[in-house]
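So the chains spell out like this:
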Amino acid sequence: MVLMLKWFWSSTVRQAVEMRRHVRRLVHAQRDLLAPNAVEAMEEASQALSAVLDSGQGQAAIKSQMAELEKAAVKWLKPYPHAS
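The following paragraphs examine the structure supplied in this document. It should be emphasised that the depicted structure is a prediction, and the values quoted were computed from it without experimental measurement.

**Some points on the side chain of Arg20**
Turning to step 1, where the next piece is worked out: Looking at the secondary structure, you find Arg20 in helix 2 (residues 11-30).
Turning to step 2, where the next piece is worked out: Side chain to side chain, Arg20 and Ser50 meet in a polar contact 2.9 Å long.
Turning to step 3, where the next piece is worked out: Not counting the four nearest positions on each side in its chain, Arg20 is found in contact with Ser46, Leu49, Ser50, Leu53 and Leu69.

**Some points on helix 4 (residues 59-76)**
Turning to step 1, where the next piece is worked out: Over its 18 residues, helix 4 extends 26 Å from the first C-alpha to the last, a length consistent with the 26 Å expected when each residue adds 1.5 Å.
Turning to step 2, where the next piece is worked out: For helix 4, the set of buried residues is Ile62, Gln65, Met66, Leu69, Ala72 and Ala73. Along the axis of helix 4, the buried residues cluster in a sector spanning 120°; they form a single face. The exposed residues of helix 4 that point more than 90 degrees off its buried face are Ala60, Lys71, Val74 and Lys75.
Turning to step 3, where the next piece is worked out: Elements in contact with the buried residues of helix 4: helix 2 and helix 3 (36-55).

**A look at the pattern of salt bridges**
Turning to step 1, where the next piece is worked out: Here the structure, examined in full by the defined rule, presents 3 salt bridges.
Turning to step 2, where the next piece is worked out: Ionic pairing is found between Glu18 and Arg21, a salt bridge with its closest N-O pair at 3.3 Å. One end of the pair, Glu18, and the other, Arg21, are both in helix 2, 3 residues apart, so they sit about a helical turn from each other.
Turning to step 3, where the next piece is worked out: Its relative accessible area of 42% is what places Glu18 among the partly exposed residues.
Turning to step 4, where the next piece is worked out: The salt bridge involving Arg31 is made with Glu43; its shortest N-O contact spans 3.3 Å. With Arg31 in the loop between helix 2 and helix 3 and Glu43 in helix 3, this pair connects stretches of sequence that are 12 residues apart.
Turning to step 5, where the next piece is worked out: What makes Glu43 partly exposed here is its relative accessible area of 35%.

**Section: the environment of Val52**
Turning to step 1, where the next piece is worked out: Residue position: Val52 is located in helix 3.
Turning to step 2, where the next piece is worked out: Assessed through its relative accessible area of 10%, Val52 is described here as buried.
Turning to step 3, where the next piece is worked out: Residues Val52 and Ser64, 12 residues apart in the sequence, show an inter-C-alpha distance of 9.8 Å.

**Some details on helix 2**
Turning to step 1, where the next piece is worked out: For helix 2, which comprises 20 residues, the first-to-last C-alpha distance of 28 Å matches the rise-based estimate of 28 Å (1.5 Å per residue) to within 8%.
Turning to step 2, where the next piece is worked out: Along helix 2, the residues that are buried comprise Thr12, Val13, Ala16, Val17, Met19, Arg20, Val23, Leu26, Val27 and Gln30.

**So, the packing of helix 2 against helix 3**
Turning to step 1, where the next piece is worked out: Viewed as axis vectors pointing N to C, helix 2 and helix 3 meet at an angle of 160°, and their least axial separation amounts to 10 Å. Put simply, helix 2 runs roughly antiparallel to helix 3. Of the two possible hands of crossing, helix 2 and helix 3 adopt the one that is left-handed. Counting all contacts with helix 2, which are made through Val13, Ala16, Val17, Arg20, Val23, Arg24 and Val27, the residues of helix 3 involved are Val39, Met42, Ser46, Leu49, Ser50 and Leu53.
Turning to step 2, where the next piece is worked out: Across the contact of helix 2 with helix 3, the residue classes break down as 9 nonpolar, 2 polar and 2 charged.

Conventions used here
Every chain begins its residue count from 1, and numbering advances along the sequence as written. In view of the model being predicted, local features appear only for residues whose pLDDT reaches at least 70, and side-chain atom pairs are presented and counted only at 80 or more, with totals across whole chains, interfaces and linings using the full set of residues. Note that water and hydrogens are dropped before the side-chain values are worked out from all heavy atoms of the structure. Each helix corresponds to a stretch of at least 4 residues labelled H or I by DSSP, and each strand to a stretch of at least 2 residues labelled E; elements are numbered beginning at the N terminus. Definition of a polar contact: a pair of N or O atoms within 3.5 Å, with one able to donate and the other able to accept a hydrogen when the atoms are protein atoms, and with sequence-neighbouring residues admitted only if both atoms are side-chain atoms. Any pair of residues with heavy atoms lying within 4.5 Å of one another is described as a contacting pair. One fewer than the residue count of a helix, multiplied by 1.5 Å, yields its expected span. Each residue is placed in one exposure class: buried if its accessible area under a 1.4 Å probe, protein chains only, is under 20% of its type's maximum, exposed if it is over 50%, and partly exposed if it falls in between. Of all possible arcs, the one meant is that of the directions from the helix axis to the C-beta atoms. The term salt bridge refers to a side-chain nitrogen of Lys or Arg lying within 4 Å of a carboxyl oxygen of Asp or Glu. What counts as an axis is a line fitted to C-alpha atoms, over the stretch in contact for a helix, and the angles between N-to-C directions run from 0 to 180 degrees. Small angles under 35 degrees read as roughly parallel and large ones over 145 as roughly antiparallel, with 65 to 115 read as roughly perpendicular and the rest as oblique. By convention the crossing between two helices is left-handed if the near helix lies anticlockwise of the far one by an angle smaller than a right angle, and right-handed if it lies clockwise. Following the grouping adopted for this structure description, the nonpolar residues are Ala, Val, Leu, Ile, Met, Phe, Trp, Tyr, Cys and Pro, the charged ones are Asp, Glu, Lys and Arg, and the polar ones are all others, Gly among them.

Right under this line is the structure:
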């Protein structure tokens, strides 16, 4: 309930929720291509962002955890070939 209210009030929370959702979709789509440790690392980073969102910490903590999720995604996820 609290997260839903924060979602309406804070654009940072909305961005974090959308980022987490997008990363989960990419992990699901690439699960057969990724190594087990890569899948585990991505799930841990996603769960860490969820924990920060659920704990009600401030925008600085959310942005910091979003940066960590982005670092993990850049490290572990495979880029799309011919993305343009």
